Amino acid sequence: MIRVVLADDHAVMRRGIRDILETDSEIEVIGEAADGREAIRLGEKLQPDVMIVDLGMPELNGLDAIRHMRREQPEVELLVFSMHDSEELIREVCAAGARGYVLKSDAALYLAEAVKSLSRHKPFFTPRISEAILNSLVTSSVVNGKAEPTGHGPLSAREREILQLLAENKGNKEIARRLAISVRTVETHRRSIMHKLNANSIVELVHYAIRNGIVQSPKATDLH
C-alpha cells in the first residue's frame, strides 16, 4: 500500500481528495492536516510515502512546509495540489523540493497516477504544468508587462513567514508574539520584504502572496 497524508485547509477538499484516492486499492490515506505546521507534525509522526500539499494554507504555507519536510524528511515524496499555475510559483515549488504538481482542476484525471509515480520516486507533472516549466526555461518571468525585479535577492525563510502573516492581516505586535521575536525585528523584516519585492504597501504584499499561492485571500479588507 502507498501511504498518503493530505494537507489542505478545506475539509471538503480533503474529503474529495480522499474519495478519489481511495477508489484505488493501492493507495491508503493515513492522515489529514489543515495547516502547514500540522502537516509537518503528521509527516514526522506517520512517515508517509507521499504527502499531498496545498500551497495556500494558514499558519505556515505549503511552500515553506515543503522546504521544511524536504530538509528534515528527504525520504517523503512531496506532491503539490494547487489551483495556481504561475511559472514563477512552479519554479519555487520545484526548487523547494516537490517532485510532483497536479492542478486541482485535473484531480480526477491525474491525482492517483501522480501518487503512484512519486511512490516509485519518479517525478510527475501534468501536461499544463510541464508546459509552464518548459516556458520558464526559455522565457523570462514577466509581470504586468515588465520583467520581475531580481536585483534585491530572494526572501529568507523568516521573511516568507512574516509575509504570510502580514498577508493574513496580522499586525506587528501579533506577529512578534507568534514568532517570539521583538516588534522592532518584525519591522526590520517588514521593510526588507517590501524592498526585495519592490512593494510600496501591504496591499501589494497581499497581492504578491495571493499570486504566488502563499495565501488564498486576505483575511479581512482592512489592509494597512
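Read on for a plain summary of the structure. Because the structure is predicted, anything quoted here is derived from the model rather than measured. (Residues numbered from 1 in each chain as written. Predicted model: local features only at pLDDT ≥ 70, side-chain atom pairs only at ≥ 80, totals over all residues. Heavy atoms only, no water.)

**What about the sheet that holds strand 2 (residues 27-33)?**
Here comes step 1: One open sheet accounts for six strands, arranged 2-1-3-4-5-6; its pairing is parallel. This sheet does not close on itself; its edge strands, each paired only once, are strand 2 and strand 6 (124-125).
Here comes step 2: As paired elements, strand 3 (residues 50-53) and strand 4 (residues 77-82) share four bridges and run parallel to each other. When the bridges of strand 4 are listed, Val50 appears paired with Glu77. (Pairing = 2+ DSSP bridges. Helix = DSSP H or I, 4+ residues; strand = E, 2+ residues; numbered from the N terminus.)

**What about the pairing of strand 1 (residues 2-7)?**
Here comes step 1: Among the six residues that make up strand 1, five are buried, leaving the element largely enclosed by the rest of the structure.
Here comes step 2: For the handedness criterion, the β-α-β arrangement of strand 1, helix 1 (residues 11-21) and strand 2 is classed as right-handed.
Here comes step 3: Note: strand 1 against strand 3, four bridges, orientation parallel. Considered in strand 3, the bridge of Val5 is made with Met51. (Buried < 20%, exposed > 50% of the residue type's maximum accessible area, 1.4 Å probe, protein only. Right-handed = clockwise from strand over helix to strand, strands pointing away.)

**Here we look at the pattern of salt bridges**
Here comes step 1: Overall, the coordinates contain 20 salt bridges when judged by the stated rule.
Here comes step 2: Put simply, Glu26 and Lys116 hold a salt bridge, and the shortest N to O gap is 3.7 Å. Residue Glu26 is found in the loop between helix 1 and strand 2, and its partner Lys116 is found in helix 5 (residues 107-119); the two are separated by 90 residues along the sequence.
Here comes step 3: Classification of Glu26 as partly exposed rests on a relative accessible area of 42%.
Here comes step 4: A salt bridge links Glu174 to Arg177; its shortest N-O distance comes to 3.9 Å. Pair noted here: Glu174 and Arg177 are both in helix 8 (residues 172-179), with a separation of three residues, about one helical turn.
Here comes step 5: Through salt bridges with shared partners, one network takes in Arg14, Arg18, Glu22 and Glu32. (Salt bridge = Lys/Arg side-chain N within 4 Å of Asp/Glu carboxyl O.)

**Notes on the pairing of strand 5 (residues 100-103)**
Here comes step 1: Judged by which residues are buried, strand 5 turns out to be covered on both faces: Gly100 and Val102 on one side and Tyr101 and Leu103 on the other are all buried.
Here comes step 2: As paired elements, strand 4 and strand 5 share four bridges and run parallel to each other. Among the inter-strand pairings, Phe81 is bridged to a residue of strand 5, identified as Val102.
Here comes step 3: Tracing the backbone out of strand 4, into helix 4 (residues 87-96) and back to the parallel element strand 5 gives a crossover that is right-handed.
Here comes step 4: Bridge count between strand 5 and strand 6: two bridges; the pairing is parallel. Among the inter-strand pairings, Tyr101 is bridged to a residue of strand 6, identified as Phe125.
Here comes step 5: You can see the chain leave strand 5, run along helix 5 and come back into strand 6, and the turn it takes is left-handed.

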